[in-house]
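# Structural overview for review
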Amino acid sequence: MEIRFAKKEDKPALMNLWGYCFTDGDAYIRWNFDHRYREEDTLVSVEQGEICGMVQLLPGRFWVDGRETEASFIEGLAVAPHWRSCGVASRLMQAAYEQMRLRGHSMSFLIPFSPAFYQKQGYGVCTWTKEVKLEMGSIRHYPAGGKWRIARMDDEKTACAMD
């Protein structure tokens, strides 16, 4: 099994793999691959000419203890169904760690598809999120300007507020 950076001709297959593995709609997948995807930040696993899996290493800057540091945001770890439980994801992650080391990235972040998988990779939970879904019709139009405040997460009635 070969692990290499993505090539231009891989993009349609990677978009299909993403669509199969994640619940994102077609519009988001197109946007993601048009605006965030870069071949030099995407590792692919290939066996006999077939793309078995992928992972993206999106570069970013994060602040830790008041200092800015370069890091990678791991996104889109995806493995084709018939290649699962064959070690593809673990090999992609090992290759990702090597690339992060070469880039001088001392840390990485991710949103896990499976916390148990990433625990085996040495990750732990550092924050929790709460997802709030709003219907477009429930969002009132607010005029430009004004004084805005961040709504508390336990505020069940609003996601943002204007005083």
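For the structure, see preceding data.
All values derive from a computational prediction rather than experimental measurement. (Residues numbered from 1 in each chain as written. Predicted model: local features only at pLDDT ≥ 70, side-chain atom pairs only at ≥ 80, totals over all residues. Heavy atoms only, no water.)

### Quick word on the overall build of the chain
Formally: Helix and strand assignments follow DSSP, with helices taken as H or I runs no shorter than four residues and strands as E runs no shorter than two, numbered in order from the N terminus. Using a 1.4 Å probe on the protein chains alone, a residue whose accessible area is under 20% of its type maximum counts as buried, one over 50% counts as exposed, and one in between counts as partly exposed. Residue contacts are counted whenever heavy atoms from the two residues lie within 4.5 Å of one another. Using a 1.4 Å probe, accessible areas were evaluated by the Shrake-Rupley method; residue-level cover was limited to the displayed protein chains.
The number of helices and strands found in the chain is four helices and seven strands. Per-residue burial over the chain gives 32% buried out of 163 residues. Long-range contacts, defined here as pairs at least 24 residues apart, represent 59% of the contacts in the chain between residues at least 6 apart. When the accessible area of the chain is evaluated, it comes to approximately 11,300 Å², of which 53% is carbon and sulfur surface.

### Some points on the pairing of strand 5 (residues 107-110)
Remember that side chains alternate between the two faces of the sheet whenever the strand is regular. Note the threshold: Criterion used throughout: strands pair if DSSP finds at least two bridges between them. Throughout, right-handed denotes a crossover for which the path from the first strand over the helix to the second runs clockwise when the strands point away from the viewer.
Only one face of strand 5 is buried, namely the one carrying Ser108 and Leu110, since none of Met107 and Phe109 on the opposite face is buried. Where strand 4 (residues 67-79) lies against strand 5, four bridges are found, and the strand directions are parallel. Across the sheet, the residue bridging to Ser72 is Ser108, located in strand 5. Viewed along the sheet, the connection from strand 4 through helix 3 (residues 88-103) into strand 5 turns out right-handed.

### Focus on the nonpolar core
This is how the line gets drawn: Residues belong to a common nonpolar core when they are buried Ala, Val, Leu, Ile, Met, Phe, Trp, Tyr or Cys residues joined through side-chain atoms within 4.5 Å.
By size, the foremost hydrophobic cluster in this structure holds 31 residues, and its most contacted members are Leu14, Met54, Ile74 and Leu77. Those elements that place two or more of their residues in this core are helix 1 (11-21), helix 2 (26-35), strand 2 (42-47), strand 3 (50-64), strand 4, helix 3 and helix 4 (115-120). Element by element, the count of residues in this core is highest for helix 3, at six residues. Setting aside residues up to four positions removed in sequence, Leu77 forms contacts with Phe22, Met54, Val55, Ala89, Leu92, Met93, Phe113, Phe117 and Tyr118.

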